[in-house]
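Below, each chain spelled out in residue letters.
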Amino acid sequence: MGRYAAMVSGPAGSGKSTFCTALITHAQSIGRNVHLFNLDPAAERFEYEPSIDIKELITLEDVMEEMRLGPNGGLIYCFEYLLDNLDWLEDQLGQFDDDYIIIDCPGQIELYTHFPIMSRLISVLQQQFNFRICACYLLESQFMDDKTKYFAGVLSAMSAMINLEVPHLNLMSKMDLVAKGETGDAIQTGRRREMERYFDPDPLLLVDEVNSKTNPRFHALNQAVVQLIEDFSMVSFMPLDVTDEDSVGSVLSHIDNALQYGEDEEPKEPKDMDMGDFEE
Ligand SMILES: Nc1nc2c(ncn2[C@@H]2O[C@H](COP(=O)(O)OP(=O)(O)OP(=O)(O)O)[C@@H](O)[C@H]2O)c(=O)[nH]1
Ligand SMILES: [Mg+2]
């Protein structure tokens, strides 16, 4: 059986850990075995006990105290320490036969966008440990209310995609906070419709709205940014509502698809047939 990993990334508080929990709950409910890999050396509580936990190797708290580093420098130190201790990782990864792991990452997006840390970890998982990897990048639906923030979010997602160089799925999280249309509340229905425009929009059509909010001095820059986003086809988002099992199930099938999960498996032997049924 192949080895598969979905790396759940995105800004602080975008709902990564909650999504990992929802994904594992859903996978278990359909009889699939997936494991949680906690990659956040500062994480405190988990609904599911992680099968692999970076905190067993190193914690941010210890690093900050012993190395006298701040939280961000400390985090980089933790990842460099992990990359220097790949034997530990190999040991941890070696315990499973059915390898499908969900990696809950920290919320410091510099790790995906500025530093080559996550991309190095991905290369190790791919090349040394034979994993197929995809990235899920979460952005909060609440954040999208403002088009300028939407563009900033898309750019951060795009930067992560370019740095990580693995199949990439953008998720618009916390969709439960944007009430569904049936509630009858005209304002919420309007907000939902507005949000749905962002699932697969044409950024060139949104530029006028961004321009209307920004100083004319920036219009050429807005246009250039929008063109960049358009050129990379980076604007589509899948809605994610962790309170809705269908939504979580649909995201899991997209992840499976991105990972080509199951495509390597041997065809199952048909059940032993009683050939007597076919005899005269
Ligand atoms: N309503 C709603 N709240 C959510 C959802 N996902 C997360 N939250 C809330 O958002 C907050 C942050 O959620 P986390 O899952 O811890 O987010 P995270 O991205 O793991 O955060 P960091 O690891 O600190 O970067 C918590 O208060 C969650 O309860 C969601 O789908 N809907
Ligand atoms: Mg988290």
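Let me begin by describing the structure that accompanies this report. Predicted model only: the values in this text are computed from it and were never measured.

## Considerations on the environment of E209
Tracing the backbone shows E209 in helix α9 (residues 203-213). Judged by relative accessible area, E209 falls into the partly exposed class, the value being 27%. When the C-alpha positions of E209 and K147 are compared, they lie 7.5 Å apart, and in sequence the two are 62 residues distant. When residues no more than four places from it in sequence are discounted, the contact partners of E209 are K147 and R197.

## Considerations on the packing of helix α2 (residues 60-67) against helix α3 (residues 71-84)
At a closest axis distance of 9 Å, the pairing of α2 and α3 adopts a crossing angle of 110°. Taken together, the axis directions place α2 and α3 in an arrangement best described as roughly perpendicular. The residues of α3 that touch α2, namely those facing L60, V63, M64 and M67, are P71, G74, L75, Y77 and C78. The class makeup of the residues in the contact of α2 with α3 is eight nonpolar, one polar and no charged.

## Regarding the site of ligand 1
Contacts to ligand 1 come from A12, G13, S14, G15, K16, S17, T18, G107, K174, D176, L177 and V242. Taking G13, its main chain carries an N or O atom lying 3.1 Å from an oxygen atom of ligand 1. Across the complex, the protein chains shield 63% of the 650 Å² of accessible surface that ligand 1 would expose by itself. Class assignment of the residues belonging to the shell around ligand 1 gives a composition of three nonpolar, six polar and three charged.

Calculation rules
Residues numbered from 1 in each chain as written. Chains lettered and ligands numbered in written order. Predicted model: local features only at pLDDT ≥ 70, side-chain atom pairs only at ≥ 80, totals over all residues. Heavy atoms only, no water. Helix = DSSP H or I, 4+ residues; strand = E, 2+ residues; numbered from the N terminus. Buried < 20%, exposed > 50% of the residue type's maximum accessible area, 1.4 Å probe, protein only. Contact = heavy atoms within 4.5 Å. Axes fitted to C-alpha atoms, helices over the stretch in contact; angles between N-to-C directions. Parallel < 35°, antiparallel > 145°, perpendicular 65-115°, else oblique. Nonpolar A, V, L, I, M, F, W, Y, C, P; charged D, E, K, R; others polar. Near = heavy atom within 4 Å. Polar contact = N/O pair within 3.5 Å; in protein donor to acceptor, adjacent residues only side chain to side chain. Areas by Shrake-Rupley, 256 points an atom, 1.4 Å probe, with all protein chains shown as cover.

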